[in-house]
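Fold and contact review
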Amino acid sequence: MALQVELIPTGEIIRVVHPHRPCKLALGSDGVRVTMESGLTARDRVGVQDFVLLENFTSEAAFIENLRRRFRENLIYTYIGPVLVSVNPYRDLQIYSRQHMERYRGVSFYEVPPHLFAVADTVYRALRTERRDQAVMISGESGAGKTEATKRLLQFYAETCPAPKRGGAVRDRLLQSNPVLEAFGNAKTLRNDNSSRFGKYMDVQFDFKGAPVGGHILSYLLEKSRVVHQNHGERNFHIFYQLLEGGEEETLRRLGLERNPQSYLYLVKGQCAKVSSINDKSDWKVVRKALAVIDFTEDEVEDLLSIVASVLHLGNIHFAADEESNAQVTTENQLKYLTRLLSVEGSTLREALTHRKIIAKGEELLSPLNLEQAAYARDALAKAVYSRTFSWLVGKINRSLASKDVDSPSWRSTTVLGLLDIYGFEVFQHNSFEQFCINYCNEKLQQLFIELTLKSEQEEYEAEGIAWEPVPYFNNKVICDLVEEKFKGIISILDEECLRPGEATDLTFLEKLEDTVKHHPHFLTHKLADQRTRKSLGRGEFRLLHYAGEVTYSVTGFLDKNNDLLFRNLKETMCSSKNPIMSQCFDRSELSDKKRPETVATQFKMSLLQLVEILQSKEPAYVRCIKPNDAKQPGRPLPPGTSAQRQGAAWGGAVCIPPPLVPRYKSLCPETWPSWAGRPQDGVAVLVRHLGYKPEEYKMGRTKIFIRFPKTLFATEDALELRRQSLATKIQAAWRGFHWRQKFLRAKRSAICIQSWWRGTLGRRKAAKRKWAAQTIRRLVRGFILRHTPRCPENAFFLDHVRTSFLLRLRRQLPRNVLDTSWPTPPPALREASELLRELCVKNMVWKYCRSISPEWKQQLQQKAVASEIFKGKKDNYPQSVPRLFISTRLGADEISPRVLQALGSEPIQYAVPVVKYDRKGYKPRARQLLLTPNAVVIVEDAKVKQRIDYANLTGISVSSLSDNLFVLHVHREDNRQKGDVVLQSDHVIETLTKTALSADRVNNININQGSITFAGGPGRDGTIDFTPGSELVITKAKNGHLAVVAPRFNSR
Ligand SMILES: Nc1ncnc2c1ncn2[C@@H]1O[C@H](COP(=O)(O)OP(=O)(O)OP(=O)(O)O)[C@@H](O)[C@H]1O
Ligand SMILES: [Mg+2]
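Residues numbered from 1 in each chain as written. Chains lettered and ligands numbered in written order. Predicted model: local features only at pLDDT ≥ 70, side-chain atom pairs only at ≥ 80, totals over all residues. Heavy atoms only, no water.

Regarding the overall build of the protein
Stated precisely, the cut-off is as follows: Helix and strand assignments follow DSSP, with helices taken as H or I runs no shorter than four residues and strands as E runs no shorter than two, numbered in order from the N terminus. Restricting the calculation to C-alpha atoms gives the radius of gyration, and the globule rule supplies 2.2 Å times the number of residues raised to the power 0.38. Partly exposed residues are those whose accessible area sits between 20% and 50% of the maximum for their type, while under 20% is buried and over 50% is exposed, using a 1.4 Å probe and protein chains only. Contacts: residue pairs with any heavy atoms within 4.5 Å of one another. To be clear on the numbers: accessible area is Shrake-Rupley with a 1.4 Å probe, and residue cover counts the displayed protein chains and nothing else. Positive charges come from Lys and Arg alone, negative charges from Asp and Glu alone, with His and the N- and C-terminal ends not counted. Here the site of a charge means NZ on Lys, CZ on Arg, CG on Asp, or CD on Glu.
Scanning the protein from terminus to terminus reveals 34 helices and 35 strands. Its C-alpha atoms give the protein a radius of gyration of 68 Å, more than 25% over the compact-globule value 31 Å for 1053 residues. Taking the principal axes of the C-alpha coordinates as reference, the protein spans close to 205 × 90 × 70 Å. Out of the 1053 residues in the protein, the part that is buried amounts to 49%. Contacts in the protein between residues far apart in sequence, at least 24 positions, make up 62% of those at least 6 positions apart. Accessible surface computed for the protein: about 52200 Å², of which carbon and sulfur atoms make up 53%. Of the charged side chains in the protein, 152 are positive and 119 negative, and the gap between their average positions amounts to 15 Å.

Structure, rendered in structure tokens:
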């Protein structure tokens, strides 16, 4: 879409014509001229979509031209104000799809292109919102598309309305009632291949939710003469052909029928049993299915088809005259079938077909019929059977459509939508009583239409006080009066002729007509016509100048058809029928009823009056159907001079309904926007002034404004279109702002709510914690004060706390190893437990330690322990030995002479250490090796074993308490092999002595001496070693012969 913008003074209306494409104009409401390409306002390029908008709306030519232009573009719908004009396209334009239905749902009538669905939706919405009964009146001549429009309307409601609570069966029934009624009530005529030969008014009931819940059909005067006679090129009712074409072999055999319409006299009169545009076979299938939907049982279908077949058989009943010229049935076979199909006595039927029963002075007389009378009686019976069956069918459909929920509360609030699909106005070469009735019916509806629209419109102008150009229209009341007026109308005269005694004939009726209504401007007969017209009128004809054209009726058969006589004995025969449908159609009460029944025309007149009443009680909507040509051909638009043109033109320009101005256009004027507080009239005046309407363009009425030229309306509409866009943007922005603000405020409120709740929770938690803390402190203080009193509730908490905290502290501060002697101080109550725990702890540590040490280390420790036991606190150089590890041996195997090893034999050496030996006499020091075996201490000098002291002979070991390294091994004095005790010195005296003591099991035999050690030097000779403390180690032989040892004194002891 291309937009050109140029500044102009506010409020100017401009019309811009694009050289190639139609452009739309715009009102620069905010000081901006906007020229917009077509597409925005989408006004028809092909004529106007509402005849009200035609410039020269009174011109018939302009009306037709508009219609033709639109039709060429396949736009078959056009409005005349609220009336929809529809031109039959005679082809499927694909404009009734589901998408089309959706497009027209819920939108304003004028905002979408004209369409039947727009009417349908408007009517439906009015029904729902105003809860007023509605009626859609579909009119137009035969073949114009009334029945088609009715079906489309029904389809629209079936598909778009919500489904009723109890399933959608009603919708199906409403839709499926159509094919059945059409099969029995429609026929091919010269005007229409599916011409309705009965009038139909259908009520659809909607519940308060707008769902269809039921329906009811009123039918009007079926053209029953068609059963026995059809004009050339016409057919009997569809059902006969459908049954013969589509019926199953078995069915036809049962009914005694042949699959050939030519075999039946009632079907060959029009000589066109087969028509290419009608597919009887497939239609039959549709009808069969539909019958099931509308609740027909198989038995009922069978009974119904028996009747249809019986009519065909009746047509084939022939008579022959006997000697007395009385008629005799000659077709026995047909009679047999008839008896079976109608379930009547064969003889009774035979008699009824050939005799007439007369009741004279209370006596019944049988009078034989001649050939002509018998044929008449037969045809009368066929017509009666068929037409009554049709009425029964309508009743049956009504029972199926009736809402099953009559007692529910929703039923009481139902509203009704009526659809009127009557037979259209028709003119044939030869027009008879039926056409007279049909056209009278159309006149009546036309009159109603005029009353409800044209006249009321004109009156409105007057009421508004507008001196408007009067729009001429033809008021057909005068024709209606001509037909129906009491005493003077054609129907009254006909009835009079039918009822009067004496020889009344169709011609006497015509004469009477001529006498009574000869001055009527719409009535003409051969006798009354002028010279020129007379040629076109037969003597037995009269002509009516209908609103839709002239129709010449032949009076032949008027009286008979109006009387609709069925001989009494035929009625009686039918009353005795066992066929359930027939027995409902022919009621015995009819026989006893002495009153003469109303004539057909009067009955029809009464039913039409009722129909008019029904329609008047409802809010009407109109669809006017028009035929583009008489050839039933698509694509041939409106040749001049057709009756359709005449009909259409009669309507064009007559209606001008301007839309209410202020509510619609108030947004175009700053003073009326957003609302006008003053009187509506003043508002309109302000608006009109602002829009710049010229005085000749409009007229102000009392309550309405009337716009003279469509272009004024177009310009205003276009301006509104643009204004709407900018308003829509504003509304959108405001709405979005509002929407998001609401959302934000909601979020804010929620956040505050959550925050306050959370803060409250936190505060409460904190307060509870503080309270608890204060209580705890109080209990602790109180407990502390009373800690020395026996346990009581006041101090229990404190005491428990002290205990617990001691245990917890203990857990954290447990000694890490055996040497760690730290231990927390227990509270008095736990002292004993603490000691036990401590013991356990130490044991545990020791146990753990023991488990972790190696065998070598164990031995080391054992030896160390023994050393400690022996020397601790007794010998000065013991402390120095403690940190030094004991070594398994101080001499390697290579340091010991092999000869010594040999001498020892298998005895292993457990320990070896170099020692110094002091002679027993001179105390000379000599280097020796000390070896420990499992059995003895061995003193070795180089490669020689100098002395071997078995452990058994080792009586003890002496050592000084000083820091010297000397020691004496005491041996058994009785052992002669021994040279005496041995004085030795080892650098590792503690180690050597410990190992020796352990090997020899002499741990308790180590003597630690204070001053001196006496030892046995040899047999009879003892030696003494004197130990004295000094500054350094000196070992000398003292003058007294003793070994004097001066050893440094350590303070460690
Ligand atoms: N809107 C349409 N679209 C397509 N074809 C249509 C439309 N309206 C009518 N026709 C065609 O025209 C034929 C005649 O229409 P329809 O039977 O509705 O006429 P009618 O006005 O009911 O005539 P009658 O008064 O004889 O019953 C239909 O069978 C159909 O083929
Ligand atoms: Mg029809």
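That covers the picture; the talk isn't over yet.
Focus: the coordination of the magnesium ion (ligand 2)
Using the following cut-off: Excluding water, the donors of a metal are its N, O and S neighbours within 2.8 Å, or within 3.2 Å for Na, K and Ca, and that exclusion means sites may look incomplete.
Ligation of the magnesium ion (ligand 2) by protein atoms is provided by Thr-147 (OG1) and Ser-196 (OG), these donors lying 1.9 to 2.0 Å from the ion. With Thr-147 in helix H4 (residues 146-160) and Ser-196 in strand S10 (residues 195-196), this pair connects stretches of sequence that are 49 residues apart. Both residues of the pair, Thr-147 and Ser-196, belong to the buried class.

Quick notes on the nonpolar core
As a rule of thumb, nonpolar side chains are buried together in soluble globular proteins. Our working rule: Side-chain atoms within 4.5 Å link the members of a nonpolar core, which is a set of buried Ala, Val, Leu, Ile, Met, Phe, Trp, Tyr and Cys residues.
Membership of the largest hydrophobic core comes to 189 residues, with the highest contact counts inside it found for Tyr-157, Phe-184, Phe-240, Phe-436 and Phe-542. Per element, the largest residue contribution to this core is 14 residues, and it comes from helix H13 (residues 371-401). With residues up to four places along the chain from it excluded, the contact list for Phe-184 reads Leu-222, Phe-237, Ile-239, Leu-304, Val-308, Tyr-386, Phe-390 and Leu-393. In terms of nonpolar packing, the next biggest core, distinct from the first, is built from 30 residues, Phe-871, Val-959, Val-982 and Ala-997 among them.

As for the pattern of salt bridges
Our working rule: We define a salt bridge as a contact between a side-chain nitrogen of Lys or Arg and a carboxyl oxygen of Asp or Glu at a distance within 4 Å.
Counted according to the given criterion, the structure contains 44 salt bridges. Arg-926 is the salt-bridge partner of Asp-919, the closest N and O atoms lying 2.6 Å from each other. The buried category is assigned to Asp-919, whose relative accessible area is 16%. On the basis of relative accessibility, which here comes to 34%, the residue Arg-926 falls in the partly exposed class. Salt bridges here are not isolated pairs; linked through shared partners, they connect Arg-197, Glu-223, Arg-226, Glu-234 and Glu-426.

Looking at the sheet that holds strand S19 (residues 541-546)
Just so we agree on the cut-off: Being paired, for any two strands, means DSSP has found at least two bridges between them. Here an angle of 0 to 180 degrees is reported between the N-to-C directions of two axes, which are lines fitted to C-alpha atoms, with helices fitted over the stretch in contact.
Within the open sheet, the three strands sit side by side as S18-S19-S20. Their pairing is antiparallel. Edge positions in the open sheet fall to strand S18 (523-525) and strand S20 (549-554), since each of these has one partner strand only. Strand-to-strand twist across the sheet, computed as the mean angle between neighbouring axes with direction ignored, equals 25 degrees. Pairing of S18 with S19 involves three bridges; the strand directions are antiparallel. Counterpart to Thr-525 in the pairing with S19 is Phe-542. Along the sheet face, helix H18 (residues 506-517) touches S18 and S19 and points at about 135 degrees away from the line of S18.

Comments concerning the pairing of strand S8 (residues 134-140)
Taken across its seven residues, S8 has seven buried, putting it largely inside the fold. Residues Gln-134, Val-136, Ile-138 and Gly-140 of S8 are buried on one face, and the alternating residues Ala-135, Met-137 and Ser-139, pointing to the opposite face, are buried as well. Sheet topology places S8 next to strand S21 (residues 619-626); seven bridges connect them, and they run parallel. When the sheet's bridge partners are listed, Gly-140 is paired in S21 with Cys-625.

Comments concerning the sheet that holds strand S6 (residues 77-80)
Read from one edge to the other, the open sheet built from seven strands follows the order S6-S7-S21-S8-S17-S11-S12, with strand pairing classed as mixed. The open sheet terminates on both sides in strands that have one partner only, identified here as S6 and strand S12 (212-220). In this sheet, adjacent strand axes meet at a mean angle of 20 degrees when their direction is disregarded. Against the sheet, helix H1 (residues 60-72) touches S6, strand S7 (83-87) and S21, its axis set at about 150 degrees to S6. Relative to S12, H13 is tilted by about 165 degrees, and along the sheet it contacts strand S11 (199-206) and S12.

Considerations on the packing of aromatic side chains
Basically, it comes down to this: Centres within 6.5 Å are what make two rings of Phe, Tyr or Trp a pair, Trp counting through its six-membered ring; a difference in plane orientation under 30 degrees is then read as stacked, over 60 as edge-to-face, and the rest as tilted. A ring is considered to have a charge above it if a Lys NZ or an Arg CZ atom is located within 6 Å of its centre and within 35 degrees of its normal.
Tallied over the full model, the rule gives 31 aromatic pairs. Judged by centre distance (5.9 Å) and plane angle (65 degrees), the rings of Phe-425 and Tyr-547 are edge-to-face. Highlighted residues: Phe-425 in the loop between strand S17 (415-421) and helix H15 (433-464) and Tyr-547 in the loop between S19 and S20, separated in sequence by 122 residues. In this structure, Phe-425 and Tyr-547 share a single accessibility class: buried. When the ring of Tyr-440 is compared with that of Phe-604, the centres are 6.3 Å apart and the planes differ by 70 degrees; the resulting orientation is edge-to-face. With Tyr-440 in helix H15 and Phe-604 in helix H24 (residues 600-616), this pair connects stretches of sequence that are 164 residues apart. Comparing Tyr-440 with Phe-604 shows no difference in burial state: the two are buried. Joined through ring pairs, the aromatic side chains of Phe-433, Phe-436, Phe-509, Phe-523, Phe-542, Tyr-553 and Phe-558 make up one cluster. Between the NZ or CZ atom of Arg-624 and the centre of the ring of Phe-449, over which it lies, the distance is 5.9 Å.

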